[in-house]
Amino acid sequence: MDEDEPTFPWLPPDDRLWRHPSEVAVRPSTWEAGGRPTGTGAGTGIGTGTMLREADRRLWTVALLAGVLGAVLASGAGVVVGQYHHSTTVVRPIEQIISPSSPVLTVAASSPKDAVVDIAERLRPTIVQLLVNGNGSNGSGSGVIFRSDGYILTNSHVVDGAQSVTAVLSDGHKVDCRLVGSDRATDIAVVKMKDNRSDQVATLGSSTQLRVGQLAIAIGDPLGLAGGPSVTSGIVSATDRQVSSGSSAPLLDMIQTDAAIEPGSSGGALVDANGMVIGITTAIALGDQSAQTVGFATPIELARDVANQILTNGKVTHTWLGLEGADVDDSTARQLHISGGAVVSNVDSDSPALRAGVAPTDVVTAVDMQTVSTMNALEMNIRLRRPGDHVSLTFIHDGVVHITDVQLLERPYTDYP
């Protein structure tokens, strides 16, 4: 055996997965059965070296063309998918500028909790803690700065019997206050910080379009704790609630919420998802079987009206229709073909209602053609008016609808203690 021959015979090119460059120009028919080429270059007039150089050139040409074609196709694919020298910008509710040297950060989309955080940051400086000293005892509550000249809305029961009032601002600074006026019937009062103006003022909104289930945020200073106002969130659980408050008049048209309102938070703010004050937190109802509480807030329209009267007239007057009653029951409503109303149980002597011809068992259904479906709605409609106003009262007497003009009077102070 020739020393240059391989130990094993070569397979023909068609039976192998590889080729030697020298084999490219050789046809399979020139291979012997033993696996060796026969007559390489024989009969062609071309030497073996020439054939190899021609094969090499063809191989390099094919490789070069394949590389160029691959680069073009890769570039085109990059353009198609938008990744060739192109970046995609995602717009978020919160924008963040990142320097080229900074690590890439993922910014999550905003959530409802983010809204509560934002509202808390804006509203906490408008809530104060009120330290009250009166009759040898100390107490505390909360208040809402609603004017830049230092006026604060709070509850009447917070400052009842106060000899001195001090406001503790959210930054811990203490300011002496004076009581401007209060109204026990609505449990609303106004105090003023002495010689102090505030750049932090809460925006008073509206409670007329509240929907059960919408976000409600309570901000106040519970339990006289240091460190600034507390924030709790929940929903509007109900509207038009009537709440008994002991010795004073029932609280009407109250907003019910499950946002926690702890003792000491009375006089704080109930806020909607836009950061607008929709109520003054006023009362809580403790459950007998658990520590769960139900909170109530005075509608901001009523609180604003009382505050305006205090600042304008130095006192609060309430209109008087002079009747007592309850919600009409379903059976009576069906019989009278009405959706609701207030059935009269008692009419005060020398009252506007008596002069209008209203009697017990009558059902009041509207004021100024505005439907009143409950006794609470009737009382709130009258309460927001002024003594001396004339209203059109619609009521059903012995099955007949009557519409009559009534002039409202100022409520006698003897109505409530």
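Residues numbered from 1 in each chain as written. Predicted model: local features only at pLDDT ≥ 70, side-chain atom pairs only at ≥ 80, totals over all residues. Heavy atoms only, no water.

With respect to the overall build of the chain
- Within the chain one finds 7 helices and 20 strands.
- Relative to its full complement of 417 residues, the chain shows a buried share of 39%.
- Expressed as a percentage of contacts within the chain between residues at least 6 apart in sequence, the contacts between residues at least 24 apart total 59%.
- Total accessible area on the chain stands at roughly 23800 Å², and carbon and sulfur atoms take up 53% of it. (Helix = DSSP H or I, 4+ residues; strand = E, 2+ residues; numbered from the N terminus. Buried < 20%, exposed > 50% of the residue type's maximum accessible area, 1.4 Å probe, protein only. Contact = heavy atoms within 4.5 Å. Areas by Shrake-Rupley, 256 points an atom, 1.4 Å probe, with all protein chains shown as cover.)

Notes on the sheet that holds strand 5 (residues 174-183)
- If you walk around this closed barrel you meet the 6 strands as 1-2-3-6-5-4, and the pairing is antiparallel. This sheet shows a mean twist of 40° between the axes of neighbouring strands, independent of strand direction. (Pairing = 2+ DSSP bridges. Axes fitted to C-alpha atoms, helices over the stretch in contact; angles between N-to-C directions.)

Things to note about a nonpolar patch on the surface
- Together, Met369, Val401 and Ile403 line one region of the surface with nonpolar side chains, adding up to about 320 Å² of accessible area.
- Mapped onto the elements, Val401 comes out in strand 19 (residues 400-407). (Patch = residues over 30% accessible without salt bridge, like charges linked within 9 Å, V, L, I, M, F, W, Y side chains within 5 Å. Salt bridge = Lys/Arg side-chain N within 4 Å of Asp/Glu carboxyl O.)

What to know about helix 4 (residues 300-313)
- Over its 14 residues, helix 4 extends 19 Å from the first C-alpha to the last, a length consistent with the 20 Å expected when each residue adds 1.5 Å.
- The complete set of buried residues in helix 4 reads Ile300, Glu301, Leu302, Ala303, Asp305, Val306, Ala307, Gln309 and Ile310. (Expected span 1.5 Å × (residues − 1).)

Digging into the pattern of salt bridges
- Here the structure, examined in full by the defined rule, presents 5 salt bridges.
- For the salt bridge of Asp118 with Arg122, the shortest nitrogen-to-oxygen distance reads 3.2 Å. Residue Asp118 and its partner Arg122 are both found in helix 2 (residues 112-123); the two are separated by 4 residues, about one turn of the helix.
- Classification of Arg122 as partly exposed rests on a relative accessible area of 40%.
- Residue Asp350 pairs with Arg355 through a salt bridge whose shortest N-O separation is 3.0 Å. Residues Asp350 and Arg355 agree in their burial class; the two are exposed.

Digging into the nonpolar core
- Judged by nonpolar contacts, the single largest core of 25 residues is most densely connected at Leu153, Val271 and Val277.
- Looking at this core, the elements with two or more residues in it are helix 2, strand 3 (151-154), strand 6 (188-193), strand 7 (215-220), strand 10 (269-271), strand 11 (277-286) and helix 4.
- At 6 residues, helix 4 tops the list of elements feeding residues into this core.
- Core analysis: the next-biggest nonpolar cluster, separate from the first, contains 19 residues, Leu323, Val364, Val372 and Leu393 among them. (Core = buried A, V, L, I, M, F, W, Y, C linked by side-chain atoms within 4.5 Å.)

A short note on the pairing of strand 2 (residues 137-145)
- Relative to strand 2, strand 1 (residues 127-134) is paired through 8 bridges, and the arrangement is antiparallel. From the neighbouring strand, Leu130 faces strand 2, where its bridge partner is Gly141.
- As judged from the 2 bridges shared by strand 2 and strand 3, these two strands associate in the antiparallel manner. In the strand pairing of strand 3, Ile145 is matched with Ile152.
- The turn joining strand 2 and strand 3, which pair antiparallel and follow one another in sequence, is formed by 5 residues; a positive phi near 95° is taken by Gly150.

Remarks on the environment of Gly141
- Mapped onto the elements of the fold, Gly141 is located in strand 2.
- A relative accessible area of 0% places Gly141 in the buried class.
- With 123 residues separating them along the chain, Gly141 and Gly264 place their C-alpha atoms 4.4 Å apart.
- Residues contacting Gly141, with those up to four places away along its chain left out, are Val128, Gln129, Leu130, Val158, Gly264 and Ser266.

Some details on unusual backbone geometry
- Backbone geometry at Asp350 places phi at a positive 55°, although glycine is not the residue there.
- With respect to the helices, strands and loops of the structure, Asp350 is situated in the loop between strand 15 (342-347) and helix 6 (352-355).

Let's talk about the environment of Val159
- In this fold, Val159 is placed in helix 3 (residues 156-159).
- On the basis of relative accessibility, which here comes to 2%, the residue Val159 falls in the buried class.
- If sequence neighbours within four positions are ignored, Val159 has contacts with Val132, Thr154, Val165, Leu179, Ala189 and Val191.

Focus on the packing of aromatic side chains
- Applying the stated criterion to the full structure yields 0 aromatic pairs.
- When the ring centre of Tyr151 is taken as reference, the NZ or CZ atom of Lys192 above it lies at 5.4 Å. (Phe/Tyr/Trp six-rings, centres within 6.5 Å; stacked < 30°, edge-to-face > 60°. Lys NZ or Arg CZ within 6 Å of the ring centre and 35° of its normal.)

Here we look at the side chain of Thr394
- Relative to the helices and strands, Thr394 is located in strand 18 (residues 390-397).
- By relative accessible area, Thr394 is classed as buried at 8%.
- With near-sequence residues (within four places) excluded, Thr394 lies in contact with Val363, Val364, Thr365, Ala366, Met369, Val401, His402 and Ile403.

Considerations on the confidence of the model for the chain
- With 68% of its residues at a pLDDT of 70 or more, the chain shows a mean pLDDT of 77.
- When the elements of the chain are averaged for pLDDT, helix 1 (residues 48-80) gives the smallest value, 49, and strand 3 the largest, 97.
- In this model residues 25-52 is a low-confidence stretch, pLDDT under 50, and it forms 25 contacts with partners more than four residues away in sequence or in other chains.
- Across residues 72-110 the pLDDT falls below 50, and counting only partners more than four positions away or on other chains, this stretch makes 12 contacts in the model. (pLDDT = per-residue confidence, 0-100.)

Section: the side chain of Thr166
- Of note, Thr166 is situated in strand 4 (residues 164-168).
- The class of Thr166 is buried, set by a relative accessible area of 18%.
- Other than its neighbours up to four places away in sequence, Thr166 contacts Gln129, Leu130, Leu131, Lys174, Val175, Asp176 and Cys177.

A closer look at the environment of Gly213
- The residue Gly213 is located in the loop between strand 6 and strand 7 in this model.
- Taking C-alpha positions, Gly213 is 9.3 Å from Thr257, a pair spaced 44 residues apart along the chain.
- Apart from the residues within four sequence positions on either side, Gly213 is in contact with Ile235 and Val236.

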